[in-house]
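In case you want the letters, here they are:
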Amino acid sequence: MCGIVGYIGNKNSVPILIDGLKRLEYRGYDSAGVGILSNESAEVYKKEGKVSDLESHISEFKLNSKVGIGHTRWATHGIPNEVNAHPHFNPEKTLLVIHNGIIENYTVLKKNLRDEGYEFISDTDTEVLVNLIDFYLKKELNLCNAVRFALSKVEGTYGIAAIYKNEPDKIVVARKGSPLVIGVGEEENLIASDVNALIAHTKRVVYLEDNEVAEIYKDRFIVKTLNDEKLQKHIEEIEGSIEEITKGGFPHFMLKEIMEQPESIKNSLRGRVILKDGLAKLGGLIGYEDRIAGSKRIIICACGTSWHAGLVAEYMIEQYADIPVEVEYASEFRYRNPILSKDDTVIFISQSGETADTLAALKEAKRKGALCVGVVNVVGSTIARESHTGVYIHAGPEIGVASTKAFTSQLIVLSLITLLIARKKNLSVVEGREIAQAILELPEKVQEILNQNELVEKVAEKFVDAHNFLYLGRGYQFPVALEGALKLKEISYIHAEGYPAAEMKHGPIALIDENMPVVFIAPTDSVYEKVVSNIEEVKARGGRIIAVANNDNGKIDDLVENTIKVPSTIPMLMPVLTVIPLQLLAYHIAVKKGLNVDQPRNLAKSVTVE
Ligand code: F6R
């Protein structure tokens, strides 16, 4: 939610900020702005809309400044317009602030500041913060101390960056609950919400922790606690390349990421499968394996697509590892009083590693003594660092707002965790080998499905005008039905619901008529015959059916006009295959509707607010 970037050095900061904002745009894209210090003044340029709109807007000004900050917004307080766009500034326009997060006590602070004579021009919580910092600057504090004092009054979350006309040699940044990373360069330093905005300039980074503040100069940086204690921070080297975060010839990141799945899956399982022993080796879990396998319960906490991956894992772990599993929406878990003990393991699944609800649930589970295991994509993210231990899914950067390759990589890692625990319990080496072999075969099978992209596109063509969709699946395919429906609704704005196929007759069947497309996920597994009966029921009521089925499906070919075939694997891994046509279907429908699939309305990639 919101991307922030800053530069200080010898180069013109403006193109660097714009480039950084484009790489952060997946975090929010309803308005963008930059603030610079130049010719002894502070200047702000903002625009409603995308970063490219801001770029064309500022191109005529030929801006040049060696220090600047930029922001791309996902609106929380105040509608998306130019006034509410960041940076926000103090009355004299000498102090500029960008912010990612929510100031929860902003109404009280605003009232106090109004009593001090401050006037507000925007509806944002950030303007309160900038005026609060200004209030302390006017008490003759320097910028860093003014930021510290202001933040000590703030409740909520923030990743902020501030620049001040009277101290043009620095950017001051601070974080609590929203990510912030410093990029350490030669005679230049950068700051950003995530490494995607830095990687073109440096691979040396410092992750700021909660309640830390830093002064960033062009040739050094100083990190302190909010209480002014100086800290020594470790500089980490990040992996990855600029190519990984570009579209690489594809029209959209989403399509690139769908097509990348054979490779991302290979990366998720590389070095982790020991075929001859039917085992999984997960470096991050060494030392914790017995505790996990000995858990009385496993609880899985996540949001959205990651939650769907958790539902699949529930079936996997209960089938093979014989441990009861509960899957929780992180947002609900954190506000209940979950009963947890040190005998429980809680797995937190998150692509971004920054989802506010998942992070809060993690903190709660830690407080209650459970073992917390992170299954995360973004290396160095907060959930990865806060968990006791964990496994990276190594899917590579996922930029498209709709999660695709992260989902399949999450399933791979969860299947490896299942194999690891199951082999510690009752699973035999022969059964272990079968699972290991099936996992290793997945990349090729995924490629086979991707080769049918054109067929899926043709199916999509027929359904572009639909207003509703139903997705039905049973067993391992029920979470896939939910995921297929989520993909469609988030990028095509078509209302879609996922249901367990057998639940259809308990209500949703009333919706079926000739205008209702129903997607059946019907591989030939133990419930296949029952799903075929459900297909007959829909057909009898005139519903339009799309089926995802195995090559050897027996009956479906005769029943259904639009069938997309997938290869077979063991049931536990079928979701990795069956979800691929559903990702493509959603993608093509949205593209045919002329929608921006990488930046769907109202969404953002990293949900760092509640
Ligand atoms: C859907 C989607 C979201 C995320 C959810 C959790 O395509 O991307 O539903 O899955 O916001 O995000 P992470 O996995 O980053 O915690």
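Note that the structure is predicted; figures quoted are calculated from it, not measured.

### A short note on the environment of Ala150
So, step 1. With respect to the secondary-structure elements, Ala150 resides in helix α5 (residues 143-152).
So, step 2. Along the primary structure Ala150 and Ser13 are separated by 137 residues, whereas in three dimensions their C-alpha atoms are 27 Å apart.
So, step 3. Every residue in contact with Ala150, bar those within four places of it in the chain, is listed here: Leu132, Ile133 and Tyr136.

### A short note on the nonpolar core
So, step 1. Ranked by size, the top nonpolar core spans 95 residues in total, and within it Ile298, Ile300, Phe469, Tyr471 and Leu585 carry the most contacts.
So, step 2. Split by domain, this core shows at least three residues from each of two domains, domain 2 (247-440) and domain 3 (450-597).
So, step 3. Apart from residues no more than four positions distant in its own chain, Ile300 is found in contact with Gly310, Ala313, Glu314, Ile317, Val325, Glu326, Val327, Glu328, Ile347 and Ile349.

### Describing the packing of aromatic side chains
So, step 1. All told, the structure shown has seven aromatic pairs when counted by the stated rule.
So, step 2. Pairwise contacts between aromatic rings join Phe135, Tyr136 and Phe149 into one cluster.
So, step 3. Directly above the aromatic system of Phe120 lies the positively charged group of Lys110, at a separation of 5.1 Å from the ring centroid.
So, step 4. Across from the ring centre of Tyr217, 3.9 Å away, lies the NZ or CZ of Arg220, which sits over that ring.

### Structural notes on the packing of helix α9 (residues 304-320) against helix α17 (residues 477-492)
So, step 1. For the pair α9 and α17, the least separation of the axes is 9 Å and the interaxial angle reads 170°. By the angle class used here, α9 and α17 are roughly antiparallel. Counting all contacts with α9, which are made through Gly304, Thr305, Trp307, His308, Leu311, Val312 and Tyr315, the residues of α17 involved are Phe478, Pro479, Leu482, Glu483, Leu486 and Lys487.

### Comments concerning the site of the ligand
So, step 1. For the ligand, the set of nearby residues contains 15 residues, the closest of which are Ser306, Ser350, Ser352, Thr355 and Glu490.
So, step 2. Lys487 has a polar side-chain atom sitting 3.0 Å from an oxygen atom of the ligand.
So, step 3. Contacts to the ligand include Glu490, whose side-chain N or O atom sits 2.5 Å from an oxygen atom.
So, step 4. When the free accessible area of the ligand is taken as 410 Å², the share hidden by the protein chains comes to 90%.
So, step 5. Considering only residue class, the shell around the ligand consists of five nonpolar, eight polar and two charged.
So, step 6. Looking at the shell around the ligand, you find at least three residues from each of domain 2 (247-440) and domain 3 (450-597).

### Quick look at the pairing of strand β13 (residues 221-225)
So, step 1. Burial within β13 is extensive, with four of its five residues counted as buried.
So, step 2. Here strand β12 (residues 212-216) pairs with β13 via five bridges, running antiparallel. Bridge assignment links Glu212 to a residue of β13, and that residue is Thr225.
So, step 3. Between β12 and β13, which follow one another and run antiparallel, lie four residues.
So, step 4. For β13 and strand β14 (residues 230-231), the ladder comprises two bridges, and the chain directions are antiparallel. Within β14, the residue paired with Val223 across the bridge is Leu231.
So, step 5. Between β13 and β14, which pair antiparallel one after the other, the connecting turn spans four residues, and Asp228 there sits at a positive phi close to 75°.

### Remarks on unusual backbone geometry
A negative phi angle characterises most non-glycine residues, just as the trans form characterises most peptide bonds.
So, step 1. Cis geometry is found at the peptide bond from His86 to Pro87, where omega equals 0°.
So, step 2. Relative to the helices and strands, Pro87 resides in the loop between β4 (67-73) and β5 (88-89).
So, step 3. You will see that Lys62, though not glycine, has its phi angle at about 50°, which is positive.
So, step 4. Of note, Lys62 is situated in the loop between α2 (51-59) and β4.

### Notes on the sheet that holds β4
So, step 1. Reading across the sheet, the eight strands line up as β3-β2-β4-β1-β10-β9-β11-β15 and stay open at both edges, with antiparallel pairing between neighbours. Here the strands that pair on one side only, and so sit at the sheet edges, are β3 (41-48) and β15 (236-237).
So, step 2. In this structure, strand β1 (residues 3-8) lies alongside strand β10 (residues 189-192), joined through four bridges in antiparallel fashion. For Gly6, the partnering residue across the bridge sits in β10 and is Ile191.

Definitions and cut-offs
Residues numbered from 1 in each chain as written. Predicted model: local features only at pLDDT ≥ 70, side-chain atom pairs only at ≥ 80, totals over all residues. Heavy atoms only, no water. Helix = DSSP H or I, 4+ residues; strand = E, 2+ residues; numbered from the N terminus. Contact = heavy atoms within 4.5 Å. Core = buried A, V, L, I, M, F, W, Y, C linked by side-chain atoms within 4.5 Å. Buried < 20%, exposed > 50% of the residue type's maximum accessible area, 1.4 Å probe, protein only. Domains from an automatic or database assignment. Phe/Tyr/Trp six-rings, centres within 6.5 Å; stacked < 30°, edge-to-face > 60°. Lys NZ or Arg CZ within 6 Å of the ring centre and 35° of its normal. Axes fitted to C-alpha atoms, helices over the stretch in contact; angles between N-to-C directions. Parallel < 35°, antiparallel > 145°, perpendicular 65-115°, else oblique. Near = heavy atom within 4 Å. Polar contact = N/O pair within 3.5 Å; in protein donor to acceptor, adjacent residues only side chain to side chain. Areas by Shrake-Rupley, 256 points an atom, 1.4 Å probe, with all protein chains shown as cover. Nonpolar A, V, L, I, M, F, W, Y, C, P; charged D, E, K, R; others polar. Pairing = 2+ DSSP bridges.

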